[in-house]
Amino acid sequence: MKNKKCSMTETELQAELENLQIQMEEETKVNKETEMWVKKHHDQLQEKVEYWMDKYEKEVDQKSEELSTLKGTKANILLKLQELTLKYQEYDEVVMEDRAQKERAKKAAEKAQLEIKSATKIQAWWKGVMVRRGLGPYAKKKGKKGKGKKGKKGKKGKKGK
């Protein structure tokens, strides 16, 4: 019986050994396939990492160049702005001077016109005083009084005829 048990056990062990070997071969095969898939996937991920690193570096370089260009452009624009500001200030000063000069000329012309008007009024007043008082060239001449009246009557008489 012991022999039978041993033999059965041996047969069972042999069968179990074969099952375990088959299972081990299958596990080895699955393990190799899994390793290959993991390695392939790892390689793909590694390639993606390299691609993205390269892309990142290129974009950073490109943006750095753009930034440098923009900074240079900004500096040029600021210089031009300063030049234009100075030019504007110069032109503004010229315009202000011109306006002030025109204002002075306008005031001088108005003053001159006022002086002329005032002088004309004074002259008219003085001439009126001279005529009313009979002074200067407007004085009544004693010798011509009679002749002036006769001439006037004579003229009236001639007109009437």
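About the thresholds
Every chain is numbered independently, its residues counted from 1 as its sequence is written. Two thresholds apply to this predicted model, a pLDDT of at least 70 for residue-level local features and 80 or more for giving and counting side-chain atom pairs, whereas whole-chain, interface and lining totals are computed over all residues. Side-chain calculation: all heavy atoms of the structure are included, whereas hydrogens and water are not. Helix and strand definitions follow DSSP, with helices as H or I runs of at least four residues and strands as E runs of at least two, each counted in order from the N terminus. Each accessible area is a Shrake-Rupley estimate made with a 1.4 Å probe; only the visible protein chains count as cover when residues are assessed. Residues enter patches when they are more than 30% accessible in relative terms and free of salt bridges; like-charged ones are connected within 9 Å and nonpolar ones (Val, Leu, Ile, Met, Phe, Trp, Tyr) within 5 Å. Definition used for salt bridges: Asp or Glu carboxyl oxygen within 4 Å of a side-chain nitrogen of Lys or Arg. Throughout, exposure labels follow a simple rule: accessible area from a 1.4 Å probe, protein chains only, divided by the maximum for the residue type, with under 20% read as buried, over 50% as exposed, and the rest as partly exposed. Aromatic pairing here means that ring centres of Phe, Tyr or Trp (its six-membered ring) are within 6.5 Å. Orientation follows from the plane angle: under 30 degrees is stacked, over 60 is edge-to-face, and everything else is tilted. The charged-residue count follows a simple rule in which Lys and Arg add positive charge and Asp and Glu add negative charge, with His and chain termini not counted at all. In this description, the location of a charge corresponds to atom NZ of lysine, CZ of arginine, CG of aspartate or CD of glutamate.

Q: Any details on the overall build of the protein chain? Residues and values, ideally.
A: Helix and strand content of the protein chain: two helices and zero strands. Carbon and sulfur atoms make up 59% of the accessible area of the protein chain, which totals about 16300 Å².

Q: Provide a residue-level description of a nonpolar patch on the surface, including the pertinent values.
A: A grouping of Ile122, Trp125 and Trp126 is seen on the molecular surface, where their side chains present a nonpolar patch of about 390 Å² in accessible area. In this fold, Ile122 is placed in helix α1 (residues 2-133). Judged by its relative accessible area of 54%, Ile122 is exposed.

Q: Give me the lowdown on the packing of aromatic side chains, citing residues and values where you can.
A: Using the criterion set out here, one finds two aromatic pairs in the structure. Taking 5.2 Å as the distance between ring centres and 75 degrees as the angle between the ring planes, the aromatic pair formed by Tyr51 and Trp52 counts as edge-to-face. Tyr51 sits in the partly exposed class, given a relative accessible area of 48%. On the numbers, 6.0 Å between centres and 45 degrees between planes, the contact of Trp125 with Trp126 is tilted. Residue classification places Trp125 among the exposed positions, given a relative accessible area of 52%. On the accessibility criterion, Trp126 (47% relative accessible area) is partly exposed.

Q: Talk me through the pattern of salt bridges; I want residue IDs and the actual numbers.
A: Tallied over the full model, the rule gives three salt bridges. One salt bridge in this structure joins Glu66 and Lys63, with 3.7 Å as the shortest N-O distance. Remark: Lys63 and Glu66 occur in helix α1; sequence separation between them is three residues, near one turn of the helix. Judged by its relative accessible area of 34%, Glu66 falls in the partly exposed class. A salt bridge links Asp98 to Lys102; its shortest N-O distance comes to 3.4 Å. Within this pair, Asp98 and its partner Lys102 are both found in helix α1, separated by four residues, close to a single helical turn.

Q: Residues and numbers for a negative patch on the surface, please.
A: Taken together, the side chains of Glu47, Glu50, Asp54, Glu57, Asp61 and Glu65 define an acidic patch exposed on the protein surface. Here Glu47 lies in helix α1. Residue classification places Glu47 among the exposed residues on the basis of a relative accessible area of 54%.

Everything listed here is a matter of coordinates, which is why it stays silent on function.
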